[in-house]
Amino acid sequence: MAASDARADCSEAALAAALADVPELARLLEIDPYLKPFALDFQRRYKRFNETLNNIGENEGGIDKFSRGYESFGVHRCADGGLYCKEWAPGAEGVFLTGDFNDWNPFSYPYKKLDYGKWELYIPPKRNKSLLVPHGSKLKVVIRSKSGEILYRISPWAKYVTREGDNVNYDWIHWDPEHPYKFKHSKPKKPRGLRIYESHVGISSYEGKIASYKHFTCNVLPRIKDLGYNCIQMMAIMEHAYYASFGYQITSFFAASSRYGTPEELKELVDTAHSMGITVLLDVVHSHASKNSEDGLNMFDGTDSCYFHSGPRGNHDLWDSRLFAYSSWEVLRFLLSNLRWWLEEYGFDGFRFDGVTSMLYHHHGMGQGFSGDYHEYFGLQVDEDALIYLLLANHLIHTLYPDSITVAEDVSGMPALCSPISQGGVGFDYRLAMAIPDKWIQLLKEFKDEDWNMGNIVYTLTNRRYLEKCIAYAESHDQALVGDKTLAFWLMDSEMYTNMSVLTPFTPVIDRGIQLHKMIRLITHALGGEGYLNFMGNEFGHPEWLDFPRKGNNESYHYARRQFHLTDDDLLRYKFLNNFDRDMNKLEERCGWLSAPQAYVSEKHEANKIIAFERAGLLFIFNFHPSKSYTDYRVGTTLPGKFKIVLDTDAAEYGGHQRLDHNTDFFSEDFKHNERPYSLLVYIPSRVGLVLQNVDMPN
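Because the structure is predicted, anything quoted here is derived from the model rather than measured.

Rules used throughout
- Residues numbered from 1 in each chain as written.
- Predicted model: local features only at pLDDT ≥ 70, side-chain atom pairs only at ≥ 80, totals over all residues.
- Heavy atoms only, no water.
- Phe/Tyr/Trp six-rings, centres within 6.5 Å; stacked < 30°, edge-to-face > 60°.
- Buried < 20%, exposed > 50% of the residue type's maximum accessible area, 1.4 Å probe, protein only.
- Lys NZ or Arg CZ within 6 Å of the ring centre and 35° of its normal.
- UniProt positions renumbered as here; feature names shortened; annotations may be inferred.
- 1 Å grid on protein atoms, 1.4 Å probe; cavity = no way out; pocket = protein on both sides within 12 Å on 5 of 7 lines; lining within 4 Å.
- Helix = DSSP H or I, 4+ residues; strand = E, 2+ residues; numbered from the N terminus.
- Salt bridge = Lys/Arg side-chain N within 4 Å of Asp/Glu carboxyl O.
- Pairing = 2+ DSSP bridges.
- Axes fitted to C-alpha atoms, helices over the stretch in contact; angles between N-to-C directions.
- Contact = heavy atoms within 4.5 Å.
- pLDDT = per-residue confidence, 0-100.
- Points joined across faces, edges and corners; volume = space filled by probe spheres on them.

A. Inspection of the packing of aromatic side chains at higher detail. Per the counting criterion, the structure on display carries 49 aromatic pairs. Ring plane angle 75 degrees and centroid distance 6.1 Å describe the contact between Trp 342 and Phe 348, whose orientation is recorded as edge-to-face. Take Trp 342: its relative accessible area is 0%, and that puts it in the buried class. Note on Phe 613 and Phe 620: the rings are 4.9 Å apart at their centroids and 15 degrees apart in plane angle, and the pair reads as stacked. Judged by its relative accessible area of 0%, Phe 620 falls in the buried class. Here the guanidinium or amino end of Lys 86 rests over the ring plane of Phe 73, the centre of that ring lying 4.8 Å away. Seen from the ring of Tyr 346, Lys 267 lies directly overhead, with NZ or CZ sitting 5.5 Å from the centre.

B. A look at the UniProt feature "active site" (unreviewed entry) in the chain. Under the UniProt annotation, "active site" (unreviewed entry) lies at Asp 354 and Glu 409. In summary, the annotated positions, though distributed over 56 residues, converge in three dimensions, the widest C-alpha pair being only 5.4 Å. Lining the largest cavity, out of the annotated residues just given, are Glu 409. Looking at where Asp 354 falls in the secondary structure, it is placed in the loop between β17 (350-353) and α8 (356-360).

C. Representation of unusual backbone geometry. We note that Trp 104 has phi near 65 degrees; this positive angle belongs to a residue other than glycine. Among the secondary structure elements, Trp 104 is positioned in the loop between β3 (92-99) and β4 (112-113). When its relative accessible area of 33% is taken as the criterion, Trp 104 is described as partly exposed. Within the chain, Asp 320 stands out as a residue other than glycine whose phi angle is a positive 55 degrees. Tracing the chain through its elements places Asp 320 in the loop between β15 (315-316) and β16 (321-322).

D. Highlighting the pattern of salt bridges. Enumeration over the complete set of coordinates arrives at 49 salt bridges. Among the ionic pairs, Asp 41 bridges to Arg 44, the shortest N-O distance being 3.1 Å. Separated by three residues within a single helix, Asp 41 and Arg 44 lie in helix α3 (residues 39-60), roughly one turn from each other. A single salt-bridge network, built from bridges that share partners, covers Asp 32, Asp 410, Arg 431, Arg 465 and Glu 468.

E. Examining the sheet that holds strand β26 (residues 641-648) more closely. A sheet is described by the order of its strands in space; here six strands give the open sequence β22-β23-β24-β29-β26-β27, paired in antiparallel fashion. Since the sheet does not close on itself, it has two edges, and those belong to β22 (600-605) and β27 (666-668), each with one partner. Neighbour to neighbour, the strand axes of the sheet diverge by 25 degrees on average, direction disregarded. Bridge count between strand β24 (residues 618-623) and strand β29 (residues 688-694): six bridges; the pairing is antiparallel. Of the residues in β29, the one forming a bridge with Asn 623 is Val 688. Seen against the sheet, helix α11 (residues 454-462) touches β22 and β23 (610-615) and runs at an angle of roughly 155 degrees to β22. Docked against the sheet, helix α16 (residues 574-591) engages β24, β26 and β29, running at close to 140 degrees with respect to β26.

F. Examining the confidence of the model for the chain more closely. Residues of the chain with pLDDT of at least 70 account for 98%, and the chain-wide mean is 95. Low confidence marks residues 1-10, where pLDDT is under 50. Its contacts with residues over four positions away, or in another chain, come to two contacts.

G. Geometry of empty space enclosed by the protein. Evaluation of the coordinates by the stated rule reveals three cavities of 30 Å³ or more. Taken as a whole, the largest cavity spans an internal volume of roughly 60 Å³. Contributing to the lining of the largest cavity are Glu 198, Gln 233, Arg 352, Glu 409, Leu 432, Met 434, Tyr 473, Ser 476, His 477, Asp 478 and Leu 533.

What follows is the structure, encoded as structure tokens:
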């Protein structure tokens, strides 16, 4: 037999084995045949996932029990009034508990050493049955390191930490309220089309201060509901000592940030959102952790390892943070339990996983262009320990709560990231379409309006993997941060300070800005994915940028706020953008284009600057030309019958020029155009996006 034939037989045999091991791998390879050369990678990943799951079953009684680490680790009041404490500190020589309850005697309550680096302590109840460690009292874990150093630490499982006055470090507060919050409302059903309002509690007030959970619940949730969003993504909830990190340098993973209020007030926020039919996602950061040691995970047991890789592998050079050792048994317990804690204790409905690209690759995405060559997603550069953790995380989340939602922030475009685990995928529900906001910024920065490439816009908005759902967005918090500009600021810049009053005539800059702001959002919403995201305030063109108090700005809160009151002022044009965003979301809710199959684009005309497509029975038409309007412009459609305008960026209530008559009936003819069996003639003014609905068809 020739060598090439032998290799072919071997390859066929290997593929057959992979198909046998991964239950639905055949479906994945049917969807994308170009993945066939990597079938062995999918097989290896799936087998490792299954082996880990089986090991958890054999050694821990299953992932259900394994993911309840918070029930035993940390500090817990027992039924008899005593206290049970448990920690994992493999590098420690001794572990002790101290605090207000023992007048801060560091060594009076030593833990007993167990196997595998675990330590436990039971403190019997007082004779008078009063609480040994009352709610609200301060605690510390004392670590005696191998070198004899005495270290005061916060338990990694601490449920509440806070910073008093001008203190640099956070204090661990024992959270055990007499009357914990009781949820009153059931979780909403999983939305068919996800419309996400990306939110940060601390900046949600117009005042120059840190806003509270209560403020958000009472003042912001009603706005979100009115705007037609059915999901909020909560940023910066996991405790982070440095406010200006935007919540991405976590110090206490089980603690809800105390700078906004108490854990019970966060629970009330989530519960109130649920009463409004709003799904709540947590922005979870398991990609790295803060380097803080006195009030963080770093050096918990006196070593540079414990929860992290030792040496260079345990450091993220760009983020100046620590990287988890995902292959460690106790790290898996900690992270999986952390996910379950937020789902069960606070009632969150899922997660947006931050920094997934950094997790997936040993190079963390640094200096990588990701051309789309499939070899970039397989091989030695992939951190399969982290990959297996993500598989376990998605398995756990969707097993506990089948309607829960997971979103991956991945810029690499890894194939099968949002495919089912049974197909060899990683199991996420959605990935963020991160190329879309970059494209809009590039167009606004580098090209004149008349030079915008319609084909390139359509390509960017539709370039996603078949059957792997994407969250489209024109801009998120990334674009709002200091050093960048929001779309509104790129479009209108300093004129936003002087020319947003309705009492002054439109200037060319404000006119262009308001019209393009709406068009960019509508086409992104309708064409860009299976979900849509907006960062709070950007829906109405929030002026300026976002900058947290820090030394570089004299600790100012001026840019760390959201000026929602601007939309309530009838004399300002912000209300027009707000109105449009609301009606765009309400139309999607009614027609469901996000849950419909990907759009059919019938036209992308470079000279005319026209884009036309159909989705969910609607006909979307965009004229990006800065000056040309078209009378009786023929547009193809798949539907016969009468059409009416149901959304029009040029309407007066949206700050438009009211050039379209909404009473007009448009009738499609049996006239083939642009590969569509029917067509109709439409007046399309310059810089307009409009949506037509066939009124002869049932909704």
